[in-house]
Amino acid sequence: MFFPENRRGRRITHTVASIAIVVGVAGCASNAPENTPEQGDYRQNIEKLAASLKEQGDTAAVAGMYQNAVERYPHDQRLELQLGNALLADKQYAQAEKVFRDILGSDIEQPDALLGLGSAQLFSGNPELASANLERASQRLNTHTVWVRLGVARAMLGHMDDAVNAFQRDVKLAPNSPDRQTNLAIALALAERSQPAQQLMQKVCDSPLAEQRHFKARILVDVLAGDEHKAASDLLPNASSDERNQLIARARQIASLPTGAQQVKELGILKAAR
């Protein structure tokens, strides 16, 4: 719930290069039958190039490349899913939603398309529809992505106990992850389950994997739990008393909001789900 997004990289040069490489690999592939060896080779080359561009943060180039690929092979569901996910990464949510809807029009239970559609709806500000579609996806998928996004959607709706359940499922996939445990602890605090929230944050901060952000999150959880005395004495490495006071004041402001949904929005909860 509290981790920053990756920034986009340089795009124009990579986009031109990507299109040139794709055209070179494909040749006249658009006239070939589906699932031919040529199509398989084409897909593999696309995926390798996409992985390289993702590492550079060039989300626009990846989206453009997969758009070109889908135009050449319009019935390749794997390429369509990759296009939808590339559009999500590039924050083209309306376009991503259309791609996932097209897939579901042919395969209504396709789990990755349900996940993609729910994700596009979540990021574009429609948590109610997002929650329903992510719930459908979670019946067929058991991944970090589906559980954390479902947890976020439920929290944005103010359904805190349901959000806790989703984050618990996420923690089960990686029980020693301090990031996932912290998300769960914050959800527990927002659900007014103060004792387990504080106990979990103590476990997080006792872990050798704990980082500065986890110690800061413990202060937030303590304040949400109504325990400012503990927040004032918690270990906060490499921070001044002014920084601690600012953290407490910010947490106090969030805790004073009248609903859990408002608190979630103020926390910038969507950052955790991207």
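Residues numbered from 1 in each chain as written. Predicted model: local features only at pLDDT ≥ 70, side-chain atom pairs only at ≥ 80, totals over all residues. Heavy atoms only, no water.

A. Local environment of the overall build of the protein. When helices and strands are tallied, the protein shows 15 helices and 0 strands. Buried residues in the protein amount to 49% of all 274 residues. Sequence-distant contacts, at least 24 apart, represent 53% of the contacts inside the protein between residues at least 6 apart. When the accessible area of the protein is evaluated, it comes to approximately 13700 Å², of which 49% is carbon and sulfur surface. (Helix = DSSP H or I, 4+ residues; strand = E, 2+ residues; numbered from the N terminus. Buried < 20%, exposed > 50% of the residue type's maximum accessible area, 1.4 Å probe, protein only. Contact = heavy atoms within 4.5 Å. Areas by Shrake-Rupley, 256 points an atom, 1.4 Å probe, with all protein chains shown as cover.)

B. Structural detail: the environment of Gln-181. With respect to the helices and strands, Gln-181 occurs in helix H10 (residues 178-190). Under the relative-accessibility criterion, Gln-181 is labelled buried at 5%. Linking Gln-181 and Lys-203, residues 22 residues apart in sequence, is a C-alpha distance of 8.9 Å. If sequence neighbours within four positions are ignored, Gln-181 has contacts with Val-171, Pro-175, Leu-200, Lys-203 and Val-204. Only 2.9 Å separates the side chain of Gln-181 from the backbone oxygen of Pro-175, close enough to count as a polar contact. (Polar contact = N/O pair within 3.5 Å; in protein donor to acceptor, adjacent residues only side chain to side chain.)

C. Structural context of the packing of aromatic side chains. Per the counting criterion, the structure on display carries 2 aromatic pairs. Measuring from ring centre to ring centre gives 5.2 Å for Tyr-42 and Tyr-73, while their planes differ by 55°; the resulting arrangement is tilted. One end of the pair, Tyr-42, is in helix H2 (residues 37-55); the other, Tyr-73, is in the loop between helix H3 (59-72) and helix H4 (77-89), and 31 residues separate them in sequence. For Tyr-42, a relative accessible area of 1% corresponds to the buried category. Ring centres 5.6 Å apart and planes at 45° place the aromatic pair Tyr-93 and Phe-123 in the tilted group. Here the residue Tyr-93 occupies a position in helix H5 (residues 93-106), and Phe-123 occupies one in helix H6 (residues 111-123), the gap between them amounting to 30 residues. Accessibility expressed as a relative area gives 13% for Tyr-93, which makes it buried. (Phe/Tyr/Trp six-rings, centres within 6.5 Å; stacked < 30°, edge-to-face > 60°.)

D. Spotlight on the packing of helix H9 (residues 160-173) against H10. Contact geometry of H9 with H10 gives a least axis separation of 9 Å together with a crossing angle of 165°. The angle between H9 and H10 falls in the class roughly antiparallel. Remark: the crossing between H9 and H10 carries left-handed chirality. Where H9 approaches H10, its residues Met-160, Val-164, Phe-167, Gln-168, Asp-170, Val-171 and Leu-173 are matched on the opposing element by Arg-180, Gln-181, Asn-183, Leu-184, Ala-187, Leu-188 and Leu-190. Considered class by class, the residues forming the contact of H9 with H10 number 9 nonpolar, 3 polar and 2 charged. (Axes fitted to C-alpha atoms, helices over the stretch in contact; angles between N-to-C directions. Parallel < 35°, antiparallel > 145°, perpendicular 65-115°, else oblique. Left-handed = near helix turned anticlockwise from the far one by under 90°. Nonpolar A, V, L, I, M, F, W, Y, C, P; charged D, E, K, R; others polar.)

E. Spotlight on the confidence of the model for the protein. In this model, the protein carries an average pLDDT of 87, and 86% of its residues clear a pLDDT of 70 or more. Per-element confidence in the protein is highest for helix H11 (residues 194-206), whose mean pLDDT is 98, and lowest for helix H1 (residues 12-26), whose mean pLDDT is 39. This model gives residues 2-33 a pLDDT under 50, and the stretch forms 53 contacts once residues within four places in sequence are excluded. (pLDDT = per-residue confidence, 0-100.)

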